[in-house]
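Each chain is listed here by its residues.
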Amino acid sequence: MFIFKEKKRKQEDELHREYGVLRNCKYILSAYLKYRKSMIGLLLLGGIAGASMSYIWTFIGKLVVDIIERQAAQEHKDIMPLVYLVIITTLVELVMMVLNAYASKKLVLGFYYTQICIVMERVAKVLGMEYETLETPDMLDRLQKAKRATSGGGNGLRGFMSDMWTMTVQFTCIVAAVSIISTLNPWIVAIILVLSLIQFEFFDYARLKDKEIMWDAMAGNWRKLEYMSTVSTDFSYAKDIRLYGMRKWLGAKQKGVNVDELRRWQQSRQYWIYYAFFSSGLSLVQAVIVFGWLIYDVVANDLSIGNFILYSGSAFTFSGSIQQFLQAIGGIREHSSHLDDFRSFMDIPNPDEGKKTIPIPKSDKYTFKFENVSFKYKGQDAYALKNLNLTLEAGQRLAVVGLNGAGKTTFIKLLLRLYDVTEGRILCNGTDIREFDRAEYYRLFAPAFQEVEVFAFKLSENVSMRIADDTDKALTEQYLRDAGMGEKLESLPKGMDTELLKVLYDDGVDLSGGEKQKLALARALYKNAPIVVLDEPTAALDALAEYRLYQSFDGMIGDRTAVYISHRLSSTRFCDNIAMFVAGEMVEYGTHEELLEKNGAYAEMFMVQAQYYVEDETTVDVAERGVVHE
């Protein structure tokens, strides 16, 4: 049927698919069968019970009038048939009410449960997507649409399920009404249907304009609104906002985003106002035709008063039902387009999915070799890393140094395979790392990043990054103490069971910047992977404390491979080799002493920083080890 066919617009997004109403109905029904099979029976039960409640009094009105007319013509009046009719009708209505209430309650709970399960599918999809893919604004907009489509309320997934229910009820009413009215004159059915379809076409036009103006155009705006909401409510931003007097500035930015949304809402509502006027006019025309026809039949064809009540009630029930049915279809078409956004996001291919991989060779030693590796970020013309050739031997300590923006973090992202190289290749024990399963490859690394994310879980779980049952609490405490958190632990009444952050628990504890970075080091120790990567995780510490912590940490990791990333040179002295990056290129490579003798970029940077490795106006023992070169 044409009413189920969505109007096609020019398709410019190759990743977006239009599945259509029927296929989306099948998708929802398959979700019911997957997560809650009883929903199918409940839809049928709710449809029959709901339709019965709508029609029962139309029939009773006719029967009551017929009984009264018969009794009026008899000499001896008997009201018992009327009493029996009322009693039976009331009982039937009560049964239908109970069945409808039961079905309604179970359906609403089923909608929520199915929605939660589908949201979990979306979350799993996001967690399994490539890091690089999720970083692009285009993909963030797609994710925002997918979230909106499954977020609840009357849009997207929930709206689709609710309108499917409405369609089931109204379709049952339509079948009953057509059966009754057709016995009088099928033309009444045809006229009501034509007028309802005209009304629906205007409704559908307003719906499409609403989607174009709001849903499609606002995806980027919703992302901005979500960001502004996060900034204004996230405690981590609170100090800067207050001390820099940012309230008015942020308020103005928030207002700008809201004004744009308000303007679009005003445009959208204007179309619905036009539809309301048009719909009211058609309803008036329909009422005049139906009543005029029935009055003519009463006068010309001796239509009984009882049948007049039955047919008029059926006609207007049919009219209301067909309008609600068509509007439910229109709503489903709108929600179907939202569901298209969600399903298109879910169907975005993962380059690794279905790809044949080879197992990572089991070994205690892993050597990595960068061969002519270059990389540029999507949408960027300049290379972030250019023509890198470097070998990281098993058990080696490598310091990667350079100023901010030199390419150090990009080097790490490529090593960890958060990104794949643009040119060249990276070999692990002689095999291109793109041949390995990505998740399995990640297990080789124990990273600690500069931006340390703390989760609203227990302290022990924040170290193990596992659920409580899989966490060795004693080991997490040991590594936290090794990372310099012993004094903090002593101050926590619940110790390793302390909940972090105040998001889920009122007594949650916040960590300072330095404490977060020590937590990151403890995580890296706990994972016990063969390669440890420290991407400036101690930037919140002063230079001397950073040096001491690095030395201590270096002793803890034993003979494992370690990569230290820093724009400060506290880690370089005890590393086997140093890679100096400038503007995306490795300009120097060698030991600390070799690079000092070259008197190049590394030596210049080291001499500038040497003054920071001094305590109480005397160089610490580090001077004897060559950290301060005099």
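Structure first, text after, so check above.
A brief structural summary. Just so it is clear, the structure is predicted and the values come from calculations on it, not from any experiment.

On the surface, a cluster of nonpolar side chains totalling about 920 Å² of accessible area is made up of Ile-79, Met-80, Val-83, Tyr-84, Ile-87, Ile-88, Leu-91, Val-92, Leu-94 and Met-97. Structurally, Tyr-84 is set in helix α3 (residues 80-128). By relative accessible area, Tyr-84 is classed as partly exposed at 48%.

Strand order in the open sheet made by the six strands is β6-β7-β8-β3-β9-β10, with mixed pairing throughout. Every interior strand has two partners, whereas the edge strands, β6 (445-449) and β10 (585-590), have only one. Within this sheet the neighbouring strands show an average axis-to-axis angle of 15 degrees, counted without direction. Two elements, strand β3 (residues 397-401) and strand β8 (residues 561-566), share five bridges in a ladder whose sense is parallel.

So, on to unusual backbone geometry. A positive phi is found at Leu-501, a non-glycine position, where the angle reads about 65 degrees. The topology assignment puts Leu-501 in the loop between α16 (486-490) and α17 (513-527). Notably, Ala-583 is not glycine yet its phi reads approximately 50 degrees, a positive angle. Assignment of secondary structure puts Ala-583 in the loop between β9 (577-582) and β10.

Interhelical geometry of α3 versus helix α6 (residues 156-181) gives an angle of 150 degrees and a closest axis separation of 10 Å. Comparing their axes, α6 and α3 come out roughly antiparallel. The element α3 and its partner α6 pack so that their crossing is right-handed. Side by side, α3 and α6 meet where Ser-104, Leu-107, Val-108, Phe-111, Tyr-112, Thr-114, Gln-115 and Ile-118 of the first sit next to Leu-157, Arg-158, Met-161, Ser-162 and Trp-165 of the second. For the contact of α3 with α6, the class distribution of residues is eight nonpolar, four polar and one charged.

What follows covers the packing of aromatic side chains. This structure, assessed with the given rule, holds 15 aromatic pairs. Both rings, one in Phe-375 and one in Tyr-377, keep their centres 4.9 Å apart while their planes meet at 85 degrees; by these two values the pair is edge-to-face. For Phe-375, a relative accessible area of 1% corresponds to the buried category. You can call Tyr-377 partly exposed: its relative accessible area is 25%. One aromatic cluster is present, built from ring pairs that chain together Tyr-131, Phe-375, Tyr-377 and Tyr-419. Taking the ring centre of Tyr-113 as reference, the NZ or CZ of Arg-36 above it sits at 4.5 Å.

The next point concerns the side chain of Thr-476. Looking at where Thr-476 falls in the secondary structure, it is placed in helix α15 (residues 473-482). Here Thr-476 falls in the buried class, since its relative accessible area comes to 0%. At a separation of 2.6 Å, a polar atom in the side chain of Thr-476 contacts the main-chain carbonyl oxygen of Lys-473. Once residues within four sequence positions are removed from consideration, Thr-476 is found in contact with Ser-460, Val-463, Ser-464, Thr-471, Met-496 and Tyr-526.

This paragraph deals with the sheet that holds strand β1 (residues 368-375). Taken in spatial order, the four strands line up as β2-β1-β4-β5 in an open sheet, and their pairing is antiparallel. Whereas interior strands pair on both sides, the edge strands pair on one side only; in this sheet they are β2 (385-392) and β5 (431-432). Examined bridge by bridge, β1 and strand β4 (residues 423-428) share five bridges and lie antiparallel to one another. Bridge pairing links Phe-370 to Ile-426 in β4. The strands that helix α12 (residues 408-415) touches are β1, β2 and β4; relative to β1, the one it contacts most, it runs at about 120 degrees.

Across all of its chains, the model carries 15 salt bridges by this definition. Here Asp-554 ties to Arg-397 by a salt bridge, and the two come within 2.5 Å at their closest N and O atoms. In this pair, Asp-554 sits in helix α18 (residues 543-556) while Arg-397 sits in strand β3, placing the two residues 157 residues apart along the sequence. Neither residue differs from the other here; Asp-554 and Arg-397 are each classed as buried. A salt bridge links Arg-481 to Glu-490, with the nearest nitrogen and oxygen atoms 2.8 Å apart. Owing to a relative accessible area of 35%, Arg-481 belongs among the partly exposed residues under this scheme. Residue classification places Glu-490 among the exposed residues on the basis of a relative accessible area of 58%. Three or more residues joined by partner-sharing salt bridges are found here, namely Glu-130, Arg-417, Asp-420 and Arg-438.

Conventions and cut-offs
- Residues numbered from 1 in each chain as written.
- Predicted model: local features only at pLDDT ≥ 70, side-chain atom pairs only at ≥ 80, totals over all residues.
- Heavy atoms only, no water.
- Patch = residues over 30% accessible without salt bridge, like charges linked within 9 Å, V, L, I, M, F, W, Y side chains within 5 Å.
- Areas by Shrake-Rupley, 256 points an atom, 1.4 Å probe, with all protein chains shown as cover.
- Salt bridge = Lys/Arg side-chain N within 4 Å of Asp/Glu carboxyl O.
- Helix = DSSP H or I, 4+ residues; strand = E, 2+ residues; numbered from the N terminus.
- Buried < 20%, exposed > 50% of the residue type's maximum accessible area, 1.4 Å probe, protein only.
- Pairing = 2+ DSSP bridges.
- Axes fitted to C-alpha atoms, helices over the stretch in contact; angles between N-to-C directions.
- Parallel < 35°, antiparallel > 145°, perpendicular 65-115°, else oblique.
- Left-handed = near helix turned anticlockwise from the far one by under 90°.
- Contact = heavy atoms within 4.5 Å.
- Nonpolar A, V, L, I, M, F, W, Y, C, P; charged D, E, K, R; others polar.
- Phe/Tyr/Trp six-rings, centres within 6.5 Å; stacked < 30°, edge-to-face > 60°.
- Lys NZ or Arg CZ within 6 Å of the ring centre and 35° of its normal.
- Polar contact = N/O pair within 3.5 Å; in protein donor to acceptor, adjacent residues only side chain to side chain.

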